[in-house]
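Below are the chains, spelled out letter by letter.
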Amino acid sequence: MSAQKSTLSRKQRIVVVGNGMVGHHFVEQLVQEDPNRDQYDITVLSAESRLAYDRVHLSEYFSGKTADDLALTTPQTYLDWQVKFHLDAKVTLIDKLKKSVRTLSGEVFEYDKLVLATGSFPFVPPIPGKEREHCLVYRTIDDLDAIQTSANNGKVGVVVGGGLLGLEAANALKELGLKTHVVEFAPQLMGVQLDQSGGQLLRKKIEDLGVTVHTEKATKVIVDGEDCVHRMEFADGTHLETDLILFSAGIRPYDNLARDFELTVGERGGIVVNNECQTSDENIYAIGECALWNNFIYGLVAPGYAMAKVAASDIIGGDKKFTGADMSTKLKLMGVEVGSIGDAHVKTPGAQCFTYQNGRDDIYKKIVVSQDGKTLLGAVLVGDTSEYDSLLQYALNGIELPENPDGLILPSSGEKPTLGVDALPDTATICSCLNVTKGDIVTAIDAGATDVGAVKSCTKATSGCGGCAALVKTVTDAELEKRGVEVSTDICEHFAYSRTELFHIIKAESIRNFETLLEKHGSGLGCEICKPAAGSILASVWNDYILQADHLPLQDTNDTYLGNMQKDGTYSIVPRMPGGEVTPDKLIVIGEVAKEYNLYTKVTGGQRIDLFGARIDQLPDIWEKLIAAGMETGHAYGKSLRTVKSCVGSTWCRYGVQDSMTMAIFLENRYKGLRSPHKIKFAVSGCTRECAEAQSKDIGVIATENGWNLYVSGNGGMKPRHGDLFATDLDDETLVKYIDRYLMFYVRTGDRLQRTSVWLESLEGGLKYLQKVVIDDHLGVNAELEASMQAVIDTYQCEWKTTIEDPAQLKRFRQFVNSQEIDKNIEFVTERAQIRPARGIEKKYKGIQIQTVDVTEHQTEQQNERETETA
């Protein structure tokens, strides 16, 4: 311990002003350094009415998370840490001579060291009318409550600001069911992080999701609207009406205390700090968004955390320095993947660019490399960020690029350069938010951490934005394997069980919902990994209606709306056609429905008809007509049996040796609705000419003179695999028995999102082991497997039939919560006598048509706003 502390005769009094994410992180750091609480007396003063919460995931408040879910700590935790805290305690005075602060209520707190973590406040442009009712900001949970209240009475919402936070706010308005617009002063979205091409693609993808974007717009005044509450009048004479306005045009440092009490501030705001995060008064520190380091304010949480560590280190006598921070970003904006690393705008002299654009799938990637081609300087990724982690490691650690660096972002059609975790140095930053390096993970493992959860607990990695979770697991698993430690197969940090173990728990204990499973065998609140996995298992075991109240939160978008969402926000409809067989009457009904609702119609590779272009509000009416005609859902949206493809077999074909049609129809009706780790496809061929391509399916059945040959675990798609011949010349009864056992064994033991091909290859013993289980009853479980399958078959229901018979369920199928209006952004053009989604300039409806304006005179202000744009 430092000499400084050893001379103290009493505890040092540390007063922390502000309890945002950064202020709380500072408290964590100091508590960690003084676990027995015998050296520091910590007092937290928060102007808000609650302790620290996660502002990075604030928009999730509108998708079901509560204030408690977002909380980073609790009063009890602070009590356990012996940290005193005062809420609603806004500090109004700093007395530097007496080393004390006073709150608005008059309470005085003396300090030895004062830490200002006051954060920032949203910048609201000085627009006349900005103070009107329903003109709000997006910063705190209280702000969210106000937004919710306003949204309840409105139909249209506008976000002013097209940066990171602005687009998060737009997502929040969309979640609330408002017709959403984004108004941006600059020529593109996310101008700080993305180049022009990336910004254009991001705009297209967001507009495809129903959010109207207006760029190069300057709001002149806000007045009463004619059709809505407000009318925003722009500098070019056009206007936009809205019921709610959300300002998210950047941040300003909360530095009023520094200004009022003579601490040095920057010309454009921010409390000036040195490399130790000390202000102009050596006993006062400033960290986070209120601090100005090297004339720069960081609007991301990761640099704030780094500052918190440095300030804590300096107070205890350590030698950590703040020397800047990485501003790279990876996130999902309304489901659109976006990544930005380093020099995205190619400002480095001599730098070279490599770009990849895929117009069909709306993907844009660019890397910026040094003049000698050896160093990655920056990157922009829109639509696909799968290479972000590797690229970030190249950039942060100066790892020499491969000879052809463009291979890093090209599709993996050939040998793609890879960056294994062993190539990373110990200094490689794995978690940027918490500044956790590979060396920190190694240290945690050396100290006794034996799984990912323990590593996370020790290092706090992934507790920021969470974008590093996959890399943390990869590094942890690699290091554990080096030490001969068996790598954990836990499905996630909330359950110390694999998917297979969860299956057995649910079945053995007759658990019928996720809440009970979590309460009895899990911890925390669950996540996007364990929730859908549990939903799938519950459906496989009990086959309940997947939209019943306690199962609904476990479903993804496709299952929630019982349809596949397409890139323009519409849904596809696929009625089941067992074996590809359909009567003329049903075909006519499909045609009539397609004509009535103007749907694009296509025959699929699975021998059925896909209807594209249905709005969400049209789905119930369409399905009501199809069900009335005797059809039912084809489960094209679910991880379940899709189709059983077939040739016409011996009934019609001269070469057919068995009735493949009858067998295909029987199999499809038997296994329809079976939920599984991934989708399942069947095919039945009437002879060895294989017209149904059975060997490329999960279950392939090929007729022989003596019965049926059974193939398993075939696969098409990105990695084709011929199915393995499992058994030959089977009679009908044995064939079905083997399929029952095979499928139910896969449902029980397959990992989440694992196709049967990958599952078989991962089984120890492979095909021979599987044959022993299914044919020889090696595990003695076949009777149970057959019984489980029969239970699923006996409880089958058409989910769409159940839905349209329940008026409460139908309420979900509306485009806007507060209006019966349809989304005008969904537009089609005609091509080859059918509709297809309108592209770019083909769209007629672009919201309110607004002419572009010359923004040259505003460039200085625009630059100022960009520099303080926040995440």
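Everything numeric here is computed off the predicted structure, so don't read it as measured data. (Residues numbered from 1 in each chain as written. Predicted model: local features only at pLDDT ≥ 70, side-chain atom pairs only at ≥ 80, totals over all residues. Heavy atoms only, no water.)

> Explain the overall build of the protein chain residue by residue, including any values.
Helix and strand counts for the protein chain stand at 27 helices and 38 strands. Taking 29 Å as the expected radius of gyration for a compact globule of 871 residues, we find that the protein chain reaches 30 Å, a close match to that expectation. Taken across its 871 residues, the protein chain has 55% of its residues classed as buried. Put simply, the protein chain shows about 38,100 Å² of open surface, and 48% of that area lies on carbon and sulfur atoms. Here the protein chain carries 92 positive and 122 negative side-chain charges, and the mean point of each set is 2 Å from the other. (Helix = DSSP H or I, 4+ residues; strand = E, 2+ residues; numbered from the N terminus. Rg over C-alpha atoms; globule rule 2.2 N^0.38 Å. Buried < 20%, exposed > 50% of the residue type's maximum accessible area, 1.4 Å probe, protein only. Areas by Shrake-Rupley, 256 points an atom, 1.4 Å probe, with all protein chains shown as cover. Lys, Arg positive; Asp, Glu negative; His and termini not counted. Charge placed at Lys NZ, Arg CZ, Asp CG, Glu CD.)

> Hey, could you go over the confidence of the model for the protein chain for me, with residue numbers and the actual values?
Counting all residues, the mean pLDDT for the protein chain is 87, and 92% of those residues have values of 70 or more. In the model, residues 1-8 has pLDDT below 50 throughout and makes 11 contacts with residues more than four positions away in sequence or in other chains. Counting interchain partners and residues more than four positions distant, the pLDDT-below-50 stretch residues 847-871 has 52 contacts. (pLDDT = per-residue confidence, 0-100. Contact = heavy atoms within 4.5 Å.)

> Lay out the nonpolar core with the relevant residues and their values.
Phe26, Leu116 and Ile287 are the most contacted members of the largest nonpolar core, which has 91 residues in total. If you tally residues by element for this core, the top one is helix 9 (residues 301-315), at 10 residues. When residues no more than four places from it in sequence are discounted, the contact partners of Phe26 are Ile14, Val16, Val115, Ile287, Ala308, Ala311, Ala312 and Ile315. Counting residues in hydrophobic clusters, the runner-up holds 59 residues, among them Ile511, Val701, Tyr742 and Leu770. (Core = buried A, V, L, I, M, F, W, Y, C linked by side-chain atoms within 4.5 Å.)

> Provide a residue-level description of the sheet that holds strand 7 (residues 113-116), including the pertinent values.
One open sheet holds the 5 strands; their spatial order is 3-2-1-7-19, and the pairing between them is parallel. What marks the edges here is a single partner per strand, and that holds for strand 3 (84-86) and strand 19 (284-286). Strand-to-strand twist of the sheet, defined as the mean angle between neighbouring strand axes without regard to direction, takes the value 15 degrees. Across 3 bridges, strand 2 (residues 40-45) lies against strand 3 in parallel orientation. In the sheet register, Val44 faces strand 3, and the bridge partner there is Phe85. (Pairing = 2+ DSSP bridges. Axes fitted to C-alpha atoms, helices over the stretch in contact; angles between N-to-C directions.)

> Report on the pairing of strand 32 (residues 641-646), specifying residues and quantitative values.
Among the 6 residues in strand 32, 6 count as buried, and that is most of the element. Bridging between strand 32 and strand 33 (residues 680-685) involves 4 bridges; their strand directions are parallel. By the bridge assignment for strand 33, Leu641 is matched with Ile680. For the segment spanning strand 32, helix 20 (residues 660-671) and strand 33, crossover handedness is left-handed. (Right-handed = clockwise from strand over helix to strand, strands pointing away.)

> Explain the sheet that holds strand 34 (residues 699-704) to me, and be specific about the residues and the numbers.
Spatial ordering of the open sheet is given by 32-33-34-35-36, a layout of 5 strands whose pairing is mixed. Of all strands in the sheet, those with a lone pairing partner are strand 32 and strand 36 (724-730), marking the two edges. Across the sheet, the axes of successive neighbouring strands diverge by a mean angle of 15 degrees, strand direction being ignored. Where strand 33 lies against strand 34, 4 bridges are found, and the strand directions are parallel. When the sheet's bridge partners are listed, Phe682 is paired in strand 34 with Ile699.

> I'd like a description of helix 12 (residues 452-459), backed by residues and values.
By the burial criterion, the buried members of helix 12 are Val452, Val455, Lys456 and Thr459. Take helix 12 and look down its axis: the buried residues cluster within an arc of 100 degrees, on one side only. When the buried face of helix 12 is taken as reference, the exposed residues oriented beyond 90 degrees from it are Ser457 and Cys458. Looking one or two places after helix 12, you find Lys460, whose phi comes out positive at around 70 degrees. (Arc of directions from axis to C-beta.)

> Pulling in residues and values, what's your account of the packing of helix 18 (residues 584-596) against helix 19 (residues 619-628)?
Contact geometry for helix 18 and helix 19: axes closest at 10 Å, N-to-C directions at 165 degrees. By the angle between their axes, helix 18 is roughly antiparallel relative to helix 19. At the point where helix 18 passes helix 19, the crossing takes the right-handed sense. In this structure, helix 18 uses Val589, Ile590, Val593 and Glu596 to contact helix 19, whose residues at the interface are Ile622, Lys625 and Leu626. When the residues that make up the contact of helix 18 with helix 19 are grouped by side-chain class, the tally is 5 nonpolar, no polar and 2 charged. (Parallel < 35°, antiparallel > 145°, perpendicular 65-115°, else oblique. Left-handed = near helix turned anticlockwise from the far one by under 90°. Nonpolar A, V, L, I, M, F, W, Y, C, P; charged D, E, K, R; others polar.)

> Lay out unusual backbone geometry in plain terms, naming residues and giving numbers.
The residue Asn295 is not glycine, and still its phi comes out positive at about 65 degrees. Its place among the elements puts Asn295 in the loop between strand 20 (291-293) and helix 9. Residues other than glycine seldom take positive phi values, yet Asn598 does so here, at roughly 55 degrees. Of note, Asn598 is situated in the loop between helix 18 and strand 30 (600-603). Overall, Asn598 belongs to the partly exposed group, its relative accessible area being 45%.

> Give a detailed account of the packing of helix 11 (residues 438-446) against helix 12, specifying residues and quantitative values.
Taken N-terminus to C-terminus, the directions of helix 11 and helix 12 make an angle of 115 degrees; their axes are 9 Å apart at the nearest point. Taken together, the axes of helix 11 and helix 12 lie roughly perpendicular to each other. Between helix 11 and helix 12 lies a crossing whose hand is right-handed. Listed contacts from helix 12 to Asp440, Ile441, Ala444 and Ile445 of helix 11 are Val455, Cys458 and Thr459. A class-by-class count of the residues in the contact of helix 11 with helix 12 yields 5 nonpolar, 1 polar and 1 charged.

> Hey, could you go over helix 19 for me, with residue numbers and the actual values?
Among all positions of helix 19, only Leu619, Pro620, Ile622, Trp623, Leu626 and Ile627 are buried. End-on view of helix 19: buried residues confined to an arc of 160 degrees, all on one side of the axis. As for helix 19, its buried residues are in contact with strand 29 (571-573), helix 18, strand 31 (609-614), helix 25 (799-804) and helix 26 (807-810). Phi for Gly630, located one or two positions after helix 19, is positive at around 95 degrees.

> Run through the packing of aromatic side chains, naming residues and quoting values.
Given two aromatic rings, their pairing is described by the distance between the two centres and the angle made by the two planes. Considering all chains together, one arrives at 17 aromatic pairs under this definition. Arranged with centres 5.5 Å apart and planes meeting at 70 degrees, the rings of Phe121 and Tyr254 form a pair that is edge-to-face. Of this pair, Phe121 sits in strand 8 (residues 120-122) while Tyr254 sits in the loop between strand 17 (251-253) and helix 8 (256-260), placing them 133 residues apart in sequence. Residue classification places Phe121 among the partly exposed residues on the basis of a relative accessible area of 32%. Taking 5.3 Å as the distance between ring centres and 90 degrees as the angle between the ring planes, the aromatic pair formed by Trp293 and Phe322 counts as edge-to-face. Of this pair, Trp293 sits in strand 20 while Phe322 sits in the loop between helix 9 and strand 21 (329-333), and the two are 29 residues apart along the sequence. Grouping residues by exposure puts Trp293 and Phe322 together as buried. Of the aromatic side chains, those joined through ring pairs into one cluster are Tyr561, Tyr571, Trp623, Trp800 and Phe813. A cation over an aromatic ring shows up here: Arg252 above the ring of Phe123, its NZ or CZ 4.0 Å from the ring centre. (Phe/Tyr/Trp six-rings, centres within 6.5 Å; stacked < 30°, edge-to-face > 60°. Lys NZ or Arg CZ within 6 Å of the ring centre and 35° of its normal.)

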